[in-house]
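A structural walkthrough
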Amino acid sequence: MAWDHIVYQDTSFREEDWSEAVLTACTFEGCVFTGGSFGGSRLEGCVFQGCRFRFTDLGGVVAEGCAFLNCVFDEANLFGGSLRGCKCTGSSFAGARTTGLLLAAGRYDYCVMTGVSFVRAELVGASFAHADLRGCSFGEADLRYCDFSQALMQGCDLTRADLRGATLAGVDVRSLRLKETTIDLPLAVAIAEGMGAKLV
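One structure accompanies this document, and this report is about it. (Residues numbered from 1 in each chain as written. Predicted model: local features only at pLDDT ≥ 70, side-chain atom pairs only at ≥ 80, totals over all residues. Heavy atoms only, no water.)

1. Notes on the pattern of salt bridges
If you walk through the whole model with that rule in mind, you get 14 salt bridges. Among the salt bridges present, the one from Arg164 reaches Asp162, with a minimum N-O distance of 2.6 Å. Residue Arg164 is classed as partly exposed on the basis of its relative accessible area of 37%. Residue Asp162 is classed as buried on the basis of its relative accessible area, which comes to 13%. Close ionic contact of Asp172 with Arg174 constitutes a salt bridge, the shortest N to O distance being 3.1 Å. A single salt-bridge network, built from bridges that share partners, covers Arg42, Glu44, Glu64 and Arg84. (Salt bridge = Lys/Arg side-chain N within 4 Å of Asp/Glu carboxyl O. Buried < 20%, exposed > 50% of the residue type's maximum accessible area, 1.4 Å probe, protein only.)

2. Focus on unusual backbone geometry
Of note, Glu15 is a non-glycine position whose phi angle comes to about 55 degrees, a positive value. Examined against the element boundaries, Glu15 turns out to sit in the loop between β3 (12-14) and β4 (22-24). Notably, Asn70 is not glycine yet its phi reads approximately 55 degrees, a positive angle. In this structure, Asn70 sits in the loop between β11 (67-69) and β12 (72-74). Residue Asn70 is classed as partly exposed on the basis of its relative accessible area of 47%. (Helix = DSSP H or I, 4+ residues; strand = E, 2+ residues; numbered from the N terminus.)

3. Comments concerning the sheet that holds strand β8 (residues 47-49)
The strand order across the open sheet built from four strands is β2-β5-β8-β11, with neighbouring strands paired in parallel fashion. Every other strand in the sheet has two partners, leaving β2 (7-9) and β11 as the edge strands with one partner each. This sheet shows a mean twist of 5 degrees between the axes of neighbouring strands, independent of strand direction. (Pairing = 2+ DSSP bridges. Axes fitted to C-alpha atoms, helices over the stretch in contact; angles between N-to-C directions.)

4. Some words on the sheet that holds strand β13 (residues 82-84)
Overall, parallel pairing links the six strands, which are arranged β1-β4-β7-β10-β13-β14 in an open sheet. Two strands close off the open sheet at either side, each with one partner strand: β1 (2-4) and β14 (102-103). The pairing of β4 with strand β7 (residues 42-44) spans three bridges and is parallel. Paired with Thr24 across the two strands is Glu44, which belongs to β7.

Below, the structure written as structure tokens:
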């Protein structure tokens with residue numbers, strides 16, 4: 001089933017089945033999705049503004065160039081989903097099932113993503129400025145040129161991640177796990193200063 005340029009405002013959807021659908025340039029503002037499924041669907045250029053996904057199945061969804069602005073994914077299933085080039089400013093993924101979720105380069109500024117696993121994720125150029133990433137795992141992730149400015153990253157595991165070209169301005173680097181992490185010289189200097197080292 002294909003949907004093109006449809007607009008919904010302040011609509012409640014309960015157990016709606018959008019699975020395997022193709023949605024192009026659709027807009028949802030202030031909508032609530034309770035249960036139901038977007039499983040395996042493809043979203044292209046869609047906008048979700050202030051929406052809430054409660055126990056919604058988004059497993060295997062592929063979203064490209066979409067915006068999820070100030071949305072809440074409350075106990076939603078995002079297993080194996082893919083967000084490519086999306087803007088998710090101010091959204092909360094806390095409590096969602098995110099195993100296997102792929103977040104390709106996009107903007108996740110001010111998002112709440114506590115405890116989310118990004119193991120082996122390809123996140124080149126993604127922005128997580130001011131995001132809450134406490135307890136996240138970035139093991140073996142490709143984080144080149146990512147912007148983590150002012151992000152909360154206490155307890156983040158960056159074991160064997162690639163951080164070359166990344167920005168950690170305002171991050172408490174003392175609470176990061178940086179075992180076998182790949183960094184470049186400017187980042188090495190920033191981390192050393194964050195650890196209290198005095199460069200002469």
